[in-house]
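Structure at a glance
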Amino acid sequence: VQLQASGGGLVQPGGSLRLSCAASRSGNAMGWYRQQPGKQRELVAQIISGGYTNYADSVKGRFTISRDNAKNTVYLQMNSLKPEDTAVYYCCAWAPDLYWGQGTQVTVSS
């Protein structure tokens with residue numbers, strides 16, 4: 001599975017960004033991880049076939065993951081962004097092995 005992510009950038013605190021990730025084929029689940037400098041990669045959000053979603057506590061209520069099955073694309077809508085959301089965000093797909101896309105930088109700064 002090949003994954004192509006897009007949508008990162010620089011945004012001020014309180015702002016919004018939407019990340020997109022297009023997959024070459026569908027998987028059982030798709031999601032987003034992020035990695036901050038000096039820290040381990042952590043799961044941000046996951047969406048499983050059937051629409052079940054799972055979020056890290058730190059982003060609940062602010063981020064929304066969604067999926068367009070017809071386009072094999074997953075989105076991450078990020079609202080009320082905070083400086084601590086700054087990281088490289090990676091999309092992934094479980095198909096059933098875990099596949100990774102390239103990272104996209106999200107920087108939240110004034």
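Right above here is the structure, for reference.
Read on for a plain summary of the structure.

Parameters and conventions
Residues numbered from 1 in each chain as written. Predicted model: local features only at pLDDT ≥ 70, side-chain atom pairs only at ≥ 80, totals over all residues. Heavy atoms only, no water. Core = buried A, V, L, I, M, F, W, Y, C linked by side-chain atoms within 4.5 Å. Buried < 20%, exposed > 50% of the residue type's maximum accessible area, 1.4 Å probe, protein only. Helix = DSSP H or I, 4+ residues; strand = E, 2+ residues; numbered from the N terminus. Contact = heavy atoms within 4.5 Å. Disulfide = S-S within 2.5 Å. Phe/Tyr/Trp six-rings, centres within 6.5 Å; stacked < 30°, edge-to-face > 60°. Lys NZ or Arg CZ within 6 Å of the ring centre and 35° of its normal. Pairing = 2+ DSSP bridges. Axes fitted to C-alpha atoms, helices over the stretch in contact; angles between N-to-C directions.

Some remarks on the nonpolar core
Within the largest apolar cluster, 27 residues are counted, with the highest numbers of intra-cluster contacts made by Trp32, Val44, Phe63, Ile65, Leu76, Met78 and Tyr89. Taken together, the elements giving at least two residues each to this core come down to β1 (3-6), β3 (17-23), β4 (29-35), β5 (42-48), β7 (63-68), β8 (73-78), β9 (87-94) and β10 (98-108). Beyond its immediate chain neighbours, meaning those up to four positions away, Tyr89 contacts Leu19, Trp32, Tyr33, Arg34, Val44, Phe63, Leu76, Met78, Gln102, Gly103, Thr104 and Val106.

A short note on the state of the cysteines
By the definition in use, this model includes one disulfide. Across a sulfur-sulfur distance of 2.1 Å, Cys21 and Cys91 are joined as a disulfide pair. On the sign convention where negative means left-handed, the S-S torsion of about 45 degrees between Cys21 and Cys91 marks this disulfide as right-handed. Taken together, the positions of Cys21 in strand β3 and Cys91 in strand β9 put the pair 70 residues apart, joining distant regions of the chain.

Thoughts on the packing of aromatic side chains
Scanning the entire structure with this criterion turns up two aromatic pairs. Ring centres 6.4 Å apart and planes at 85 degrees place the aromatic pair Tyr90 and Trp100 in the edge-to-face group. Pair noted here: Tyr90 is in strand β9 and Trp100 is in strand β10, with a separation of 10 residues, a long-range link. Assessed through its relative accessible area of 35%, Trp100 is described here as partly exposed. The structure contains a cluster of three or more aromatic residues connected by ring pairs, namely Tyr33, Tyr90 and Trp100. Lying across the ring of Tyr90, Arg41 places its NZ or CZ 3.7 Å from the centre. A cation over an aromatic ring shows up here: Arg41 above the ring of Trp100, its NZ or CZ 4.5 Å from the ring centre.

Some points on the sheet that holds strand β6 (residues 53-55)
With mixed pairing, the six strands of this open sheet are ordered in space as β2-β10-β9-β4-β5-β6. Edge positions in the sheet fall to β2 (9-11) and β6, since each has one partner strand and no second. Averaged over all pairs of adjacent strands, the angle between their axes in this sheet comes to 20 degrees, without regard to strand direction. Relative to β10, β2 runs parallel, the two sharing three bridges. Considered in β10, the bridge of Leu10 is made with Thr107.

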